[in-house]
Amino acid sequence: MRVFIRPCVWLLALLFCASFMSVFEALFGWFQPGQTSLIYQRAGFLSLLQNHVLLVLISGSIGTAMAVSAGILVTRGWGRDFLPLASQVASIGQTFPPVAVLALAVPVLGFGEAPTLMALVLYGLLPILRNTLVGLDGIAPAVKEAASGMGMSPTQVLLKVELPLAGRVILAGVRTSVTINIATAAIGSTIGARTLGDPVIAGLVNGNTGYVLQGALLIGLLAITTDSLFEALQRTWSQRLLAAAVAG
Amino acid sequence: MLAPASDMPNRVVPVLASLALVLIWWLDFGIVQPNRIVPGTGYGLVEAIGAANSAGLSAGLLALMVMARHRFRARFYGLGALVALLLMWQPILLAEFADRQLPADAAYARTAIGAGFWSLLFLLGLMAIEVLSQLPSPRGHHLILVALVLVVWGVCVAAGRLDSLSLVTEYASRPDQFRQALTHHLALSLSAVLCSLVIAIALAIMMMRRDRWRQPVLATVSFLQTIPSLALFGLLIAPLSALSTAFPFLQTLGIRGIGWAPALLALVAYSLLPIVRNTYVALSEVPDDLVDAGRGMGMSERQLFLKLKLPLAMPIIIEGVRVTTIQAMGLTAVAALIGAGGFGTFIFQGLGQAAMDLVLLGALPTIALALAADGVLTALGQVCRPAGLKANG
């Protein structure tokens with residue numbers, strides 16, 4: 001469990017900064033001498049953080065569920081006809097800039113959390129779908145044949161052989177997707193979602209560099225915490241696979 | 001990837017075409033707005049383009065379904081041609097809609113594209129991708145199809161047939177701003193890519209020479225990549241404004257806390273990872289026997305690098321540049337938030353005024369630029385494959 005120490009340290013730093021930003025008031029006062037409002041007050045940093053994390057978690061869960069099931073569907077039976085289209089869409093879709101997807105969600109759903117969530121789900125799908133396809137397609141046919149030769153049903157082959165083997169690649173896709181979504185959710189505050197982007201946008205509009213820094217600091221810490229968590233998860237996944245291989 | 005045999009009946013095109021058929025009859029095809037802000041009234045298919053056109057459009061989609069089920073040799077060429085024709089017909093249908101439903105006396109009235117039309121465009125696009133991926137050499141056909149469709153849309157716009165379309169109206173009221181946004185967007189993203197290309201190649205060569213540089217350099221550039229764009233732009237404002245206050249001559253160069261300077265710095269930082277990683281991997285994976293053969297022929301180290309290693313690594317380096325350029329095109333749009341100009345200006349202005357057409361005027365060109373960069377650099381990567389590699393596949 002030592003791999004989880006680093007994400008825990010970052011998490012503590014993030015929670016500390018979100019709870020006690022006013023500790024740094026003197027610092028923000030020092031480089032903004034004339035400024036009267038030093039710390040962003042319109043909403044608590046903790047509630048913004050919570051909202052931000054919720055948006056990313058919900059969109060990540062929906063996106064992962066959709067992408068993995070789509071990936072499973074197009075790699076077997078009837079769905080196999082859709083495999084070339086799915087992999088093309090996953091790669092062409094990723095050339096679309098996330099901001100543009102975010103902006104295009106507004107005419108469809110208006111302002112607020114809903115369009116942000118839709119954009120995050122749609123855009124976050126693509127890296128996961130791509131990696132699911134790569135992971136499932138990259139398993140040697142001999143492995144699957146051996147598994148069904150041992151008497152496993154197709155569902156068992158999928159659950160006990162294919163998904164664990166493809167899991168690391170899929171997890172890497174989820175990591176990419178979550179990294180992009182944390183950044184996109186921050187920009188979501190321009191379309192009315194309450195996220196850690198709010199202080200940055202408010203600071204840019206009012207010319208208050210302190211607000212910008214506070215928001216940017218928290219967004220950065222959130223991204224680093226999440227990324228180091230995924231790093232730890234990927235390591236434990238590989239260790240488990242290795243342990244299973246040695247044991248079996 | 002396992003492609004389905006091309007003599008099997010295709011199931012993808014019928015599914016997409018029937019979905020398109022349902023959606024065009026169900027959703028609004030076009031919208032007429034009395035002015036820029038007021039939401040307009042939607043028109044269904046027959047109201048929008050008349051019974052004859054509606055029947056023709058449906059017949060076209062039905063023909064796609066039937067043709068995809070038959071197994072004659074050239075059917076994918078036929079399908080491709082039909083999809084292209086349908087795509088080229090769309091601007092003409094939009095013009096027809098404007099002629100029918102736009103009130104002649106309302107000066108500010110404009111037409112907008114409805115959900116049904118968007119769905120049709122999207123599904124036709126998916127069908128085009130599917131059909132092209134079934135053709136033997138997709139690249140060439142790809143270009144022909146895109147060019148034909150763009151030419152017809154371009155001619156319709158140039159001839160003034162789509163003047164009432166909201167997107168065209170938004171453009172017509174600010175052609176100079178649009179040109180300026182295009183220049184800024186291209187200048188900012190391309191100069192960031194060029195700067196990071198130079199830095200990244202230097203870093204990669206350094207990593208090749210001294211192995212102990214490898215870990216810290218890769219860790220740093222991938223760390224930079226995880227920082228969200230808004231945060232990085234924000235974090236650069238304070239140090240740059242402090243710098244320009246301390247050294248006033250920087251202000252005359254336009255280096256301030258907001259504007260192009262922090263944007264360029266952040267974009268360069270983001271662009272490093274794909275190029276550094278690809279350049280390093282490509283250069284270090286040049287096979288040793290080739291390098292030995294080059295040495296045996298009496299090549300100097302410099303010649304080995306310029307004539308052997310670099311050409312062999314080129315396709316993978318260009319792939320890194322492709323990923324970076326696409327990313328930079330998108331991030332430049334975000335940089336508009338810190339006053340760096342570009343198409344993001346229209347997006348955020350439009351969001352601020354709740355003017356969706358202005359948002360589209362910013363978002364669609366941003367997507368187009370990213371897709372164009374993707375196309376150009378993919379083609380360049382193929383051209384740059386050394387002759388020896390082409391023979392190997």
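Up top is the structure.
Rules of the game
Residues numbered from 1 in each chain as written. Chains lettered and ligands numbered in written order. Predicted model: local features only at pLDDT ≥ 70, side-chain atom pairs only at ≥ 80, totals over all residues. Heavy atoms only, no water. 1 Å grid on protein atoms, 1.4 Å probe; cavity = no way out; pocket = protein on both sides within 12 Å on 5 of 7 lines; lining within 4 Å. Points joined across faces, edges and corners; volume = space filled by probe spheres on them. Helix = DSSP H or I, 4+ residues; strand = E, 2+ residues; numbered from the N terminus. Salt bridge = Lys/Arg side-chain N within 4 Å of Asp/Glu carboxyl O. Buried < 20%, exposed > 50% of the residue type's maximum accessible area, 1.4 Å probe, protein only. Nonpolar A, V, L, I, M, F, W, Y, C, P; charged D, E, K, R; others polar. Contact = heavy atoms within 4.5 Å. Buried area = accessible area lost by both parts, 1.4 Å probe. Polar contact = N/O pair within 3.5 Å; in protein donor to acceptor, adjacent residues only side chain to side chain.

Enquirer: When you look at empty space enclosed by the protein in this model, what are you seeing that I'm missing?
Expert: The probe, sized like a water molecule, is rolled over the atoms to show the empty space still left. Throughout the structure, instances matching the rule amount to two cavities of 30 Å³ or more. Here the second largest cavity defines a volume of roughly 30 Å³. For the second largest cavity, the full set of lining residues is Thr179, Ile182, Ala223 and Asp227 of chain A together with Thr226 of chain B. Contributing elements (two or more residues each) for the lining of the second largest cavity: α8 (154–187) and α10 (209–247) of chain A.

Enquirer: What is the right way to look at the pattern of salt bridges in this model?
Expert: Note that side chains of opposite charge can pair when their charged atoms are close. Residues and elements named next belong to chain A. If you walk through the whole model with that rule in mind, you get 16 salt bridges over all chains. Two residues, Asp227 and Arg175, come together in a salt bridge whose shortest N-O distance is 3.0 Å. Placement of Asp227 in helix α10 and of Arg175 in helix α8 is noted, with a sequence separation of 52 residues between them. Across this residue pair, the class does not change: Asp227 and Arg175 are buried.

Enquirer: How do you make sense of the layout of surface pockets when you look at a structure like this?
Expert: All names here are of chain A. In this structure, the second largest pocket encloses a volume near 480 Å³. Contributing to the lining of the second largest pocket are 23 residues, with Val53, Leu57, Thr226, Leu229 and Phe230 lying nearest its centre. Looking at the lining of the second largest pocket, the elements with two or more residues in it are α1 (5–19), α3 (45–73), α8 and α10. Broken down by element, the lining of the second largest pocket gets its largest block of residues, seven residues, from α3. Here the residues of the lining of the second largest pocket sort into 18 nonpolar, five polar and no charged.

Enquirer: Please explain the interface of chain A and chain B as it appears in this structure.
Expert: The figure often quoted for interface size is the accessible area lost as the parts come together. On the chain B side, the residues contacting the 45 residues of chain A number 42 residues. Together chain A and chain B conceal approximately 3800 Å² of surface at their shared face, both sides included; 84% is due to carbon and sulfur atoms. Taken as a group, Asp81, Leu85 and Thr95 of chain A account for 15% of the area that chain A buries against chain B, more than any other trio of residues on that side. Counting across the interface, chain A meets chain B through one salt bridge. Arg11 of chain B is paired through a salt bridge with Asp81 of chain A; the nearest N and O atoms lie 3.1 Å apart. The tally of links between chain A and chain B comes to one residue pair in polar contact (both at pLDDT 80 or more). When residues of the side of chain A that touches chain B are traced back to their parent elements, those giving at least two are α4 (83–93), α5 (98–109), α6 (113–137), α8, α9 (197–206) and α10 of chain A. Among the elements that line the side of chain A that touches chain B, the one with the most residues is α10 of chain A, at ten residues. Looking at the side of chain A that touches chain B residue by residue, the class counts come to 32 nonpolar, nine polar and four charged.

Enquirer: Just to check I follow, could you spell out unusual backbone geometry for this structure?
Expert: The bulk of non-glycine residues show a negative phi, and the bulk of peptide bonds are trans. One non-glycine residue, Ala354 of chain B, lies in positive phi territory at about 55°. Counting through the fold element by element, Ala354 of chain B comes out in the loop between α14 (344–353) and α15 (356–383).

These values are about where atoms sit, not about what they do.
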